[in-house]
Amino acid sequence: MKVIQWMIITVVVLGLLTVFVGMPMMKEQTKKFSPEETASYTENGYNLNVVYCSPAKKNRVVFGELVPYNKVWRTGANEPTVFKTESNIKINGKQLPAGRYSLWTKPGKDTWDIIFNKEVPDWGVTILSGGAETTRNSSKDLVTVSVPVKNIDSVKERFTINFENKEQPYLTLAWDKTKVNVPISK
């Protein structure tokens, strides 16, 4: 009986160490290579904010290899990308209520699916899969839109999310020689 009690105590202690020491250390270490960035847009009555981690290209083939085509990506590195809006908006014509969402993408050669999910999981991928499988709960997807891919002339070394204001605001995602623009309206 005592052996079983010690085994249970050991498992509990190891689990607590992993949660309270291991995960914070892992997040801190990974952000040295993929730093946390913030993009904000506060014009014309919009108050939008995106927090993401920015991995580097490092002479790798990004889309189609590092980030596979037609597979959901946590959109950046480390924790999932978080999109926040303080008012109701439309994403490519689809209603997105005010709130905080995880932002996922499904890159393709010609189009990307942009997914706004009601849940924001801690890490975004499973550790056991080596980062290949996301922790996204697809039943919590609120808005999914498809946008065309634009090829850009110069290589963008770091994955970047930003806002552009043309005739309306656009959420832009760019990395390597690929860029997508997601239209936002009221």
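Scroll up a little and you will see the structure.
Residues numbered from 1 in each chain as written. Predicted model: local features only at pLDDT ≥ 70, side-chain atom pairs only at ≥ 80, totals over all residues. Heavy atoms only, no water.

1. Concerning the overall build of the chain
A tally of regular secondary structure across the chain gives one helix and nine strands. Written out in order from the N terminus, the α and β elements of the chain read α-β-β-β-β-β-β-β-β-β. Buried positions account for 37% of the 186 residues belonging to the chain. For the chain, the proportion of contacts with a sequence separation of at least 24, taken over those separated by at least 6, is 58%. (Helix = DSSP H or I, 4+ residues; strand = E, 2+ residues; numbered from the N terminus. Buried < 20%, exposed > 50% of the residue type's maximum accessible area, 1.4 Å probe, protein only. Contact = heavy atoms within 4.5 Å.)

2. Observations concerning the environment of asparagine 88
Mapped onto the fold, asparagine 88 is located in the loop between strand S3 (81-85) and strand S4 (89-91). Taking relative accessible area as the criterion, asparagine 88 reaches 49% and is therefore assigned partly exposed. Sequence separation between asparagine 88 and tyrosine 46 is 42 residues; the distance between their C-alpha atoms is 9.2 Å. Leave out the neighbours within four places in its chain, and asparagine 88 touches Gln95, Leu96, Pro97 and Ala98.

3. Notes on the sheet that holds strand S5 (residues 94-96)
Spatially, the nine strands line up as an open sheet ordered S1-S2-S3-S6-S7-S8-S9-S4-S5, and their pairing is antiparallel. The open sheet has two free edges, formed respectively by strand S1 (36-41) and S5, since each of these has just one partner strand. Taking each pair of neighbouring strands and ignoring which way they run, the sheet shows an average axis angle of 35 degrees. Pairing of S4 with strand S9 (residues 169-185) involves two bridges; the strand directions are antiparallel. Counted as the bridge partner of lysine 90 is serine 185 from S9. (Pairing = 2+ DSSP bridges. Axes fitted to C-alpha atoms, helices over the stretch in contact; angles between N-to-C directions.)

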